[in-house]
Amino acid sequence: MPTDPYGWMEPALATIHRANWYRQVQSIGSRPGALVLLEGQQVINFASNDYLGLAGDDRLIQAAIAATQKYGTGSTGSRLISGHRDLHQDLERAIADLKQTEAALVFSSGYLANLGTVSALVGKRDLILADQYNHSSLKNGAILSGATILEYAHCDLENLRQLLEPRDRYRRCLILTDSVFSMDGDLCPLPELLHLAEQFDSMLLIDEAHATGVLGKTGAGCVEHFGCTGRSLIQIGTLSKALGSLGGYVAGSATLIDFLRNRSPGWIYTTGLSPADTAAALAAVAIVQQEPQRRTQLWQNVNDLKHLLDQEFSFQPSAIRHPPSVISSSSPFPNFNSKFKIQNSKFSLSHTPHPTPHTPILCLPLDNPAIAIQLARALQQSGFFAPAVRPPTVPTSRLRLTLMATHTPTHLEQFVAALKSTLQNLLP
Ligand SMILES: *Cc1c(COP(=O)(O)O)cnc(C)c1O
């Protein structure tokens, strides 16, 4: 009896369903923004990485249209074989200017920039040290490189130092970290990482995907935020988050960029960015530099939401009662400086003054994936798009909120009120 070689897939999917790990895509029927049409329903959007509200900005749209009219829709081939457009070079110059690096190189996505860079920099004789919470693209880039990979505990410098001790047994060493951790919203300890990298003759690569355009006075990212501009390191990022377009980049020394152009298969053997994406990103980089008020507004919103949550769940904790199982007391709540906890079955934020907020990603830890899905669904029915993030993406379930410069105070107030009543209704 021949068996169906594809027959394993349905049972595999059934297992995913049983674990509450099954995922589905929902359709957006409008321009990106703080308000979107989700499956035909108008919702306030806390699910987008478009931090500055640029993906729906008329200037980016017009730039994309003009580039398409001038250069067509496709780049028609690898840049080395088919040539590129002046737009590609302009964008690379603009990114290098923003980052204050000698040069930059644009990839087809941030994911590909990580795969293509990590695998070009190290190989079998080398060592990679990686934060355990790094983005999937850094993890897979590390695997692709064939180097020895050691993961250090999240942001644990002492653990990293220990793992660096046998560094001399390897040819090269590369430390990999997200700058803003995408699913937790906390920041890597960049100055200390740079110090360790220098001490152990290691390269350091940071992924600025959620920091570019957002952190630092000029929006250059976490490197600028920590005053580390000009230090030797490799910066990777995406054009698809605060820059509102599509694509990825690497920024660093001219030698690094020259090397990648010659040795990174993820850049060499793939088609150049489309003229539309390139022009939109170029327009976005200019806006990031010219309109710092967008960042000011974003941080205002982050502060306001934290304040509202604090008021709602700390000053009136009796308003919401939960069995302790609903929200895990053991889960950290990193965006609230690990102070979000359950006391006596209450859902509360402990009373610490808020230091300067670090990132526009806020997570509400939840005990299990089923609760996470229920909460996200109920919020959506009330008009809020606030996605549940679950294993295997992250070790523990959570509601992940991303803030935008274009959220209004009313959006935030309405959300906190809805969160409060939804949590009440979800409980017996
Ligand atoms: C989103 C993201 C990427 C991937 O970028 P894309 O341009 O969307 O492929 C890489 N790293 C991190 C940390 C991210 O959050």
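Residues numbered from 1 in each chain as written. Predicted model: local features only at pLDDT ≥ 70, side-chain atom pairs only at ≥ 80, totals over all residues. Heavy atoms only, no water.

**Some remarks on helix 7 (residues 157-164)**
Piece 1. Those residues of helix 7 not exposed but buried are N159, L160 and L164. Along the axis of helix 7, the buried positions cluster into a sector of 140°, meaning they face one direction only.
Piece 2. Buried residues belonging to helix 7 abut strand 4 (127-131), strand 5 (148-152), strand 6 (173-178) and helix 8 (190-199).
Piece 3. The N-terminus of helix 7 is capped by D156, whose side-chain oxygen sits 3.1 Å from the backbone nitrogen of E158. (Buried < 20%, exposed > 50% of the residue type's maximum accessible area, 1.4 Å probe, protein only. Helix = DSSP H or I, 4+ residues; strand = E, 2+ residues; numbered from the N terminus. Arc of directions from axis to C-beta. Contact = heavy atoms within 4.5 Å. Polar contact = N/O pair within 3.5 Å; in protein donor to acceptor, adjacent residues only side chain to side chain.)

**Brief notes about the sheet that holds strand 1 (residues 35-38)**
Sheet strands line up and pair through hydrogen bonds in the backbone, either parallel or antiparallel.
Piece 1. As summarised here, the arrangement of the three strands in space is 1-2-13, forming an open sheet in which the pairing is mixed. Every interior strand has two partners, whereas the edge strands, strand 1 and strand 13 (384-385), have only one.
Piece 2. Both strand 1 and strand 2 (residues 41-45) contribute to a ladder of four bridges, which runs antiparallel. Bridge pairing links V36 to V43 in strand 2. (Pairing = 2+ DSSP bridges.)

**So, the sheet that holds strand 3 (residues 103-107)**
Piece 1. Read across the sheet, seven strands follow the order 3-9-8-7-6-4-5 without closing on themselves; strand pairing throughout is mixed. Of all the strands in the sheet, the pair left with one neighbour each is strand 3 and strand 5. Across this sheet, the average inter-strand angle for adjacent strands is 20°, counted without regard to direction.
Piece 2. Bridge count for strand 4 against strand 5 is five bridges, and the pairing is parallel. Across the sheet, the residue bridging to D131 is Y152, located in strand 5.
Piece 3. In this fold helix 4 (residues 86-99) packs onto strand 3, strand 8 (234-238) and strand 9 (248-252), with an angle of close to 125° to the strand it touches most, strand 3.
Piece 4. Contacting strand 3, strand 4, strand 6, strand 7 (203-207), strand 8 and strand 9, helix 5 (residues 110-121) crosses the sheet at an angle of about 155° to strand 8. (Axes fitted to C-alpha atoms, helices over the stretch in contact; angles between N-to-C directions.)

**So, helix 2 (residues 58-71)**
Piece 1. With 14 residues, helix 2 should cover 20 Å at 1.5 Å per step; its first-to-last C-alpha distance of 20 Å lies within 8% of that length.
Piece 2. Restricting attention to buried positions, one finds in helix 2 the residues L60, A63, A64 and A67. Seen from one end, helix 2 has its buried residues packed into an arc of 100°, which puts them on one side.
Piece 3. Those residues of helix 2 that are buried lie in contact with helix 4 and helix 12 (275-290).
Piece 4. Where helix 2 begins, the capping side chain belongs to D57, and its oxygen is found 2.8 Å from the backbone nitrogen of R59.
Piece 5. Of the residues trailing helix 2, G72 is marked for its positive phi of about 85°. (Expected span 1.5 Å × (residues − 1).)

**Some details on the packing of helix 14 (residues 369-381) against helix 15 (residues 409-426)**
Piece 1. In the contact formed by helix 14 and helix 15, the axes pass within 10 Å of each other and the chain directions differ by 125°. Comparing the axis directions of helix 14 and helix 15 gives the class oblique. The element helix 14 and its partner helix 15 pack so that their crossing is right-handed. Contacts from Q374, L375, A378 and L379 of helix 14 reach helix 15 at F415, A418, L419, T422, L423 and L426.
Piece 2. Looking at the contact of helix 14 with helix 15 residue by residue, the class counts come to eight nonpolar, two polar and no charged. (Parallel < 35°, antiparallel > 145°, perpendicular 65-115°, else oblique. Left-handed = near helix turned anticlockwise from the far one by under 90°. Nonpolar A, V, L, I, M, F, W, Y, C, P; charged D, E, K, R; others polar.)

**Observations regarding the confidence of the model for the protein**
Piece 1. Mean pLDDT over the protein stands at 89; residues scoring 70 or higher make up 89%.
Piece 2. This model gives residues 315-356 a pLDDT under 50, and the stretch forms 91 contacts once residues within four places in sequence are excluded. (pLDDT = per-residue confidence, 0-100.)

**Re the pattern of salt bridges**
Piece 1. Applying the stated criterion across every chain yields a total of 14 salt bridges.
Piece 2. The partner of E291 in a salt bridge is R294, and the shortest N-O contact between them spans 2.8 Å. This pair shows no difference in class: E291 is buried, exactly as R294 is.
Piece 3. With a closest N to O distance of 2.8 Å, E312 and K420 form a salt bridge. Of this pair, E312 sits in helix 13 (residues 292-315) while K420 sits in helix 15, and the two are 108 residues apart along the sequence. (Salt bridge = Lys/Arg side-chain N within 4 Å of Asp/Glu carboxyl O.)

**Here's the deal with the site of the ligand**
Piece 1. Within the structure, the ligand sits among 15 residues, and G110, D207, H210, T238 and K241 are positioned closest to it.
Piece 2. Here H135 contributes a side-chain N or O atom positioned 3.3 Å from a nitrogen atom of the ligand.
Piece 3. Coverage of the ligand by the protein chains reaches 86% of its 380 Å² of free accessible surface.
Piece 4. Residue composition of the shell around the ligand, by class: two nonpolar, 10 polar and three charged. (Near = heavy atom within 4 Å. Areas by Shrake-Rupley, 256 points an atom, 1.4 Å probe, with all protein chains shown as cover.)

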